[in-house]
Amino acid sequence: MVRIPPHVPGLDNPVKQRPEDEKYDIGVIGLGPAGVTAACELVRYGYSVVAIEKETIGGLIHYARAVDNFPGISPSSPGQVVVDMLWQHMGGFPPKVVNAEVTGIYTTGSGYDISLGESAITVKSIILATGTIPDRLEVPGEDLPWVHHIWTDVDVGEDALVAVIGGGDVAADQALSLNENGKQILMMLKSGVPRCNLVLQSDMEVMEDFIIASGIDVLRFEDRNG
Ligand SMILES: Cc1cc2nc3c(=O)[nH]c(=O)nc-3n(C[C@H](O)[C@H](O)[C@H](O)COP(=O)(O)OP(=O)(O)OC[C@H]3O[C@@H](n4cnc5c(N)ncnc54)[C@H](O)[C@@H]3O)c2cc1C
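A short tour of the structure in this document, coming up. All figures in this text were calculated on a predicted structure; none of them were measured in a lab.

### Details of the overall build of the protein
From N to C terminus, the protein includes four helices and nine strands. When the helices and strands of the protein are placed in sequence order, the string is β-α-β-α-β-β-β-β-β-α-β-α-β. Burial status across the protein gives 38% buried among its 226 residues. In the protein, the share of contacts with a sequence separation of at least 24, taken over all contacts with a separation of at least 6, comes to 60%. Just so you have it, the protein exposes about 13,400 Å², and 53% of that area is on carbon and sulfur atoms.

So, in C-alpha cells, the structure goes:
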C-alpha cells in the first residue's frame, strides 16, 4: 500500500473519480527515484503530470540497508531516508498521483491511453520509470516457497542459515541486513570474490556467522521434505 501523506494531493483520489475528460501532458509510470525525479521536474516546468505507482513510492531503494552514494547523504543512511527525501521533494512539485498498476498502453490519435484495468488515463507523452526486476537463475526449483528474490520475502527463524547467491551490491546489502537481523549467511559465488563495492566488502569482512564460498554453480533447488 502507498502511504498517504497530507502534502501530496491525489493519492487518496482514485482515477475512477477523475472527470472523464481530464487529460495530462505527461504520464510517468513508476514512482521509484527515477519516476519521482522525472515527475517533479516536469511539474516544475509547468507540465500537467499524472504519476502512476502500483506499490510504494520510492521503489527498490526502500530495501537498502545503507545508502552511501547519493550526494547529500552523509554519513550513510537507510534507504528509507532517501524515500523520505523523495516524499519531501514531491511535496514541493506535486504531480497527480494515482495508486494503480498500469496494465497496458494504447496509442490514440493525439497521444496514449494508459490502461489501469477498468479505467484509463489519457496523456500526450509517457515516461516509463518501471525500474528493474530481480534476475532469475532459471534453474529447476526456483519457484519453491523458500527461494526468494528480494529480502523482504525472507521469513525464517532468528538464527536460520540463509544462502545468498551472488555477490553484487544488492546481494551484499541484503546479506548484511539479514546478518544484522540474526541470520547466518552463506554467500555463494561462482568464482572469485564478491564484486560489490569496497564499503560493502569491508562490512562483510567483519561480520560474524557470515561465510563467503567461491566455486559454486547452483544447478537446482530441491525440497528435502520431498
Ligand atoms: C537491497 C537494495 C539495496 C540498494 N542499495 C542501493 C544503494 O545503496 N545505492 C544506490 O544507488 N542504489 C541502491 N539500490 C538500487 C536502487 O534502489 C535502484 O537503482 C533504484 O531504486 C532504481 O530506481 P528506479 O526509479 O529506476 O526503479 P525502481 O526503484 O525499481 O522503481 C520502479 C517503480 O515502478 C513501479 N512499477 C513497476 N511496474 C509498474 C506498473 N506496471 N504500474 C505501476 N507502477 C509500476 C514499481 O512498483 C516501483 O515502485 C539498491 C537496491 C536494492 C534492492
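### Comments concerning the layout of surface pockets
Size it by volume and the second largest pocket reaches roughly 240 Å³. Along its surface, the second largest pocket is lined by W146, R220, F221, E222, D223, R224 and N225. Each residue belonging to the lining of the second largest pocket can be placed in one class, and the counts come to two nonpolar, one polar and four charged.

### Some details on the packing of helix 3 (residues 169-180) against helix 4 (residues 198-205)
The contact between helix 3 and helix 4 brings their axes to 10 Å, and the two run at 35°. As for the relative orientation of helix 3 and helix 4, their crossing is left-handed in sense. Facing helix 3, whose interface residues are D169, A172, D173 and L176, helix 4 presents L200, D203 and M204. Its residues placed into classes, the contact of helix 3 with helix 4 shows four nonpolar, no polar and three charged.

Reading guide: rules and limits
Residues numbered from 1 in each chain as written. Predicted model: local features only at pLDDT ≥ 70, side-chain atom pairs only at ≥ 80, totals over all residues. Heavy atoms only, no water. Helix = DSSP H or I, 4+ residues; strand = E, 2+ residues; numbered from the N terminus. Buried < 20%, exposed > 50% of the residue type's maximum accessible area, 1.4 Å probe, protein only. Contact = heavy atoms within 4.5 Å. Areas by Shrake-Rupley, 256 points an atom, 1.4 Å probe, with all protein chains shown as cover. 1 Å grid on protein atoms, 1.4 Å probe; cavity = no way out; pocket = protein on both sides within 12 Å on 5 of 7 lines; lining within 4 Å. Points joined across faces, edges and corners; volume = space filled by probe spheres on them. Nonpolar A, V, L, I, M, F, W, Y, C, P; charged D, E, K, R; others polar. Axes fitted to C-alpha atoms, helices over the stretch in contact; angles between N-to-C directions. Left-handed = near helix turned anticlockwise from the far one by under 90°.

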